[in-house]
Amino acid sequence: MNNHRNDRLDLGWLGSVAVLLALVALWWVASNAGWVSRVFLPTPQATFASLLEGLNLSSGNDGNGKLLAFTQATVGRMVEGWLLASLFGVLLGAAIGVSPAVRAWVQPTLEFIRPLPASALLPLAISIFGLNPGMVLFVVAFGAMWPVLLATVHGFAAVEPRLSEVARCLQMSRAAYIWKMGLPNAMPDILAGMRLALTIALIVAVVGEMIASQSGLGQAILLAARAFRASDLFAGIVLLGLIGFVSNALLALAEKRLLRWQQP
C-alpha cells in the first residue's frame, strides 16, 4: 500500500515538473520567435537575469538588491496580517461556534460581510488610517480573517454531540471544553482555513501596496509596468509565485505534522 502511494506521489511530482517545463518552453518560444513583442513579454533568460540582479545574486555582485528589500517588505506584511487574521479568526470563530444561539444570531451578518472584497475596503481604510503601513496591515488582516473564522465556526459546530454530553457530565467549564474537545475537533478545518487565508493575505498585501504606494513587490511591479520594464515586471511576478508556493508548502508540512494523530 505504501509503495503504491509513493509511486503515485512520484508520478504527481513528475507530472507537475513536466507541466512547468512545458510552460517555460512555450514562454521561451513565444518570446524568442517574436510571437509577442519583448516590450510586453521578455525572454525567460532576461527575466532570470533581472531576478538575480534584483536579489543582488548576480555573478558580479553588482545588483541593486531593491527587489530583495521589496520582497522582505511584502512577506513581512503578509505574515503579520496572516497571524493577526488567524488569531482573531480562531478566537471569534470559537466564541461563535460553541453556541448554537450565537451562531443563529451572527450567521446572517457574517454571510453579508464575508463576500465583501478586501480591496474594496481600501478607500475606506485610507480615509480612516491614512496612507501608511498600518492601513495595509489592517486590510490584509481583515481580508484573510474570513476563511479562518468561518472554518473555525464550522469545526466547532461539527463537534460530535455525544462529546458535548460527556463534557456536561464531567462538568467541564466552557474554556476547558473549547481547549480539550472543540479545538482538536476543529483543527483540520482551522488549518485548511489558515492555508487559504495565507494566499489571500499575499494577494491583498500586493494590491494594498499598489493602491497605497507602500514599499513592496506590488509597488515594484506597478512601477516596472509603468516604465515598460517587462523583465523586472515578470521577475516580480515570478517572485510572488515562489512566495505563494513556498508558504503553502511550509504550511502544508506543518498541517501534516500537527494532524499526525488523525492518520491511521
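Residues numbered from 1 in each chain as written. Predicted model: local features only at pLDDT ≥ 70, side-chain atom pairs only at ≥ 80, totals over all residues. Heavy atoms only, no water.

Visitor: Could you clarify how one ought to interpret the packing of helix H9 (residues 217-226) against helix H10 (residues 230-258) in this entry?
Guide: Each pair of packed helices gets described by two things: the angle between the helix axes and the distance between those axes. Interhelical geometry of H9 versus H10 gives an angle of 155 degrees and a closest axis separation of 8 Å. Viewed along their axes, H9 and H10 adopt a mutual orientation that is roughly antiparallel. Every pair of crossing elements has a handedness; the one defined by H9 and H10 is left-handed. Here Leu-217, Ile-221, Ala-224 and Ala-225 of H9 lie close against H10, whose contacting residues are Asp-232, Leu-233, Gly-236, Ile-237, Leu-239, Leu-240 and Ile-243. Among the residues forming the contact of H9 with H10, the class breakdown is 9 nonpolar, 1 polar and 1 charged. (Axes fitted to C-alpha atoms, helices over the stretch in contact; angles between N-to-C directions. Helix = DSSP H or I, 4+ residues; strand = E, 2+ residues; numbered from the N terminus. Parallel < 35°, antiparallel > 145°, perpendicular 65-115°, else oblique. Left-handed = near helix turned anticlockwise from the far one by under 90°. Contact = heavy atoms within 4.5 Å. Nonpolar A, V, L, I, M, F, W, Y, C, P; charged D, E, K, R; others polar.)

Visitor: So what exactly am I meant to see when it comes to the pattern of salt bridges here?
Guide: Side chains carrying opposite charge are able to pair once their charged atoms draw close together. Inspection of the entire model under this criterion finds 3 salt bridges. Measuring nitrogen to oxygen at the nearest pair gives 2.4 Å for the salt bridge that ties Glu-209 to Arg-77. Of this pair, Glu-209 sits in helix H8 (residues 174-212) while Arg-77 sits in helix H3 (residues 66-97), placing them 132 residues apart in sequence. On the accessibility criterion, Glu-209 (0% relative accessible area) is buried. For Arg-229, the salt bridge is made with Asp-232, and the minimal N-O distance between the two is 2.9 Å. (Salt bridge = Lys/Arg side-chain N within 4 Å of Asp/Glu carboxyl O. Buried < 20%, exposed > 50% of the residue type's maximum accessible area, 1.4 Å probe, protein only.)

Visitor: I keep staring at helix H6 (residues 133-157) and nothing clicks. Help me out?
Guide: Given 3.6 residues to a turn, an α-helix orients residues that are three or four positions apart in the same direction. Helix length check: H6 (25 residues) gives 36 Å between terminal C-alpha atoms against 36 Å at 1.5 Å per residue, within 8%. Where H6 bends most, the angle comes to about 35 degrees, and this point is Met-145, followed within four residues by the proline Pro-147. Between a side-chain oxygen at the N-terminus of H6 and the backbone nitrogen of Gly-134 the separation is 3.0 Å; the capping residue is Asn-132. (Expected span 1.5 Å × (residues − 1). Bend = angle between axes of the 7 residues up to and from the residue. Polar contact = N/O pair within 3.5 Å; in protein donor to acceptor, adjacent residues only side chain to side chain.)

Just geometry here; none of it tells us what the structure is for.
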